[in-house]
Amino acid sequence: QVYFIDNDDYFQRKNVLVDDEGKDFDDNDERSIFFVRGVMETVKKLRWVPDIIHCHGWFTALAPLYIKKAYAEDPSFRDAKIVYSIYNDDFKNPLNKDFATKLKADGAKEADLKLVKADTSFVGLTKLAIDFADGVIQGSETINQEVLDYISAKKDTPFLPYQSPETYMDEFNKFYDVVLDSNTK
């Protein structure tokens, strides 16, 4: 089965994240919030209890925060481990300067949002995801160097460097086992 999260205001566009000229959409922050919350609510509604939730790319970067904070006591998410994959998908312009305020209104605490309060760029958002993830995978051969340095410095978070197309399935499965066995966050 496949489930789609949809909203006429946010997703009925010809392009996904940028307009025809390559400019980031001004509401990408709200679209990401809507998408992540929609996925969380769908998981709850369907009564799924995942062991691992694997988030791919910056558009899902809020999921680790939401799962660890807003949904921490929910039976669907209480024991779930979060893996976050980082790609070479930097957005060019910082998200809305009120991004942290929107997240705070959604239940996140001030201390949880210090990174995106100071930095609404791709780097700030990705660091937020890394801080709340139980494991991180480098999904692209090259990624933002500042982000790579940040995850490399976090010795308490399992990290899987980029894997070739020939080996990634086996390596991901081994990595999932490491994350499931770890006592992170």
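Presented here is an overview of the structure given in this document. A quick note: this is a predicted structure, and the numbers were derived from the prediction, not measured. Counting restarts for each chain, with residues numbered from 1 along the sequence as it is written. Given that the model is predicted, a residue must reach a pLDDT of at least 70 before its local features are reported, and side-chain atom pairs must reach 80 or more before they are shown or counted; all residues, however, enter totals for whole chains, interfaces and linings. Excluded from the side-chain calculation are hydrogens and water; included are all heavy atoms of the structure.

**Observations concerning the overall build of the protein chain**
Short version of the rule: Secondary structure is summarised from DSSP: a helix means a run of H or I of at least four residues, a strand means a run of E of at least two, and numbering begins at the N terminus for each. Our radius of gyration looks at C-alpha atoms and nothing else; its globule reference is 2.2 Å times the residue count to the power 0.38. The buried label goes to any residue with under 20% of its type's maximum accessible area, the exposed label to any with over 50%, and the partly exposed label to all in between, with areas taken from a 1.4 Å probe on protein chains only. Whether two residues touch is decided by their heavy atoms; if any such pair falls within 4.5 Å, the residues are in contact. All accessibility values rest on the Shrake-Rupley procedure with a 1.4 Å probe; residue burial counts only the protein chains present in the view.
Looking only at helices and strands, one finds 8 helices and 4 strands in the protein chain. Traced from its N-terminal end to its C-terminal end, the protein chain shows the element sequence α-α-β-α-β-α-α-α-β-α-β-α. Computed over the C-alpha atoms, the radius of gyration of the protein chain is 16 Å, within 12% of the 16 Å expected from 2.2 N^0.38 for a compact globule of 185 residues. Judged by the C-alpha coordinates and their principal axes, the protein chain covers about 40 × 35 × 35 Å. A burial count over the protein chain gives 44% of its 185 residues as buried. In the protein chain, the share of contacts with a sequence separation of at least 24, taken over all contacts with a separation of at least 6, comes to 66%. When the accessible surface of the protein chain is summed, it comes to about 10300 Å², and 51% of that surface belongs to carbon and sulfur atoms.

**Digging into the environment of aspartate 112**
If you trace the backbone, aspartate 112 turns up in the loop between helix H4 (99–105) and helix H5 (114–118). C-alpha separation for the pair aspartate 112 and tyrosine 87, spaced 25 residues apart in sequence, amounts to 23 Å. Apart from the residues lying within four places of it in its own chain, the contact partners of aspartate 112 are Leu65, Lys69, Leu128 and Phe132.

**Some remarks on helix H3 (residues 63–70)**
The buried fraction of H3 amounts to 6 of the 8 residues, a majority that puts the element mostly inside the structure. Those residues of H3 that sit buried are Ala63, Pro64, Leu65, Tyr66, Ile67 and Lys68.

**Considerations on the environment of lysine 127**
Relative to the helices and strands, lysine 127 is located in helix H6 (residues 122–132). A sequence separation of 11 residues divides lysine 127 from valine 116, and the C-alpha atoms of the two residues are 8.7 Å apart. Discounting chain neighbours no more than four positions away, the residues touching lysine 127 are Leu115, Glu146 and Tyr150.

**Re the pairing of strand E2 (residues 81–86)**
Under the convention used in this document: With its strands directed away from the observer, a crossover is right-handed exactly when the path from the first strand over the helix to the second travels clockwise.
Of all 6 residues that make up E2, 6 are buried, and the element is covered over most of its length. Both faces of E2 are covered, namely the face carrying Lys81, Val83 and Ser85 and the face carrying Ile82, Tyr84 and Ile86. Handedness of the crossover joining strand E1 (residues 52–56) and E2 through H3: right-handed.

**Digging into unusual backbone geometry**
At arginine 47, a position not held by glycine, the phi torsion is positive, near 60 degrees. With respect to the helices, strands and loops of the structure, arginine 47 is situated in the loop between helix H2 (28–45) and E1.

**Overview of a nonpolar patch on the surface**
To be explicit about the condition: Each patch is built from residues that are more than 30% exposed by relative accessible area and take part in no salt bridge. Like charges join if they lie within 9 Å; nonpolar side chains (Val, Leu, Ile, Met, Phe, Trp, Tyr) join within 5 Å. Throughout this description, the term salt bridge denotes a Lys or Arg side-chain nitrogen within 4 Å of a carboxyl oxygen of Asp or Glu.
There is a patch of nonpolar side chains on the surface, built from Tyr3, Leu46 and Trp48 and spanning about 290 Å² of accessible area. Tracing the backbone through its elements, the reader meets leucine 46 in the loop between H2 and E1. Judged by relative accessible area, which is 33%, leucine 46 ranks as partly exposed.

**Observations regarding helix H8 (residues 168–181)**
As a reminder, the rule being used: Helix span, expected: 1.5 Å multiplied by one less than the number of residues in the helix. The arc in question is the one spanned by the directions pointing from the helix axis to the C-beta atoms.
In this model H8 runs 20 Å from its N-terminal to its C-terminal C-alpha over 14 residues, within 8% of the 20 Å that 1.5 Å per residue would give. When we look at burial in H8, the residues that qualify are Phe172, Phe175 and Val179. Viewed end-on, H8 has its buried residues packed into an arc of 65 degrees, placing them on one side of the element. Exposed positions of H8 whose direction lies more than 90 degrees from the buried face are Asp170 and Asp181.

**Details of the packing of H3 against H6**
As a reminder, the rule being used: With axes taken as lines fitted to C-alpha atoms, and helix axes fitted only over the stretch in contact, angles between N-to-C directions fall between 0 and 180 degrees. When an angle is under 35 degrees it counts as roughly parallel; over 145 it counts as roughly antiparallel; between 65 and 115 it counts as roughly perpendicular; any other value is oblique. We call a crossing left-handed when the near helix sits turned anticlockwise from the far one by less than a right angle, and right-handed when that turn is clockwise. Gly is placed with the polar residues, together with every amino acid not listed as nonpolar (Ala, Val, Leu, Ile, Met, Phe, Trp, Tyr, Cys and Pro) or charged (Asp, Glu, Lys and Arg).
Where H3 contacts H6, the two axes come as close as 7 Å, and the packing angle between them is 45 degrees. Considering their axes alone, H3 and H6 lie oblique with respect to each other. The interaxial crossing formed by H3 with H6 has left-handed handedness. In this structure, H3 contributes Pro64, Leu65, Lys68 and Lys69 to the contact, and H6 contributes Leu128, Ala129 and Phe132. Considered class by class, the residues forming the contact of H3 with H6 number 5 nonpolar, no polar and 2 charged.

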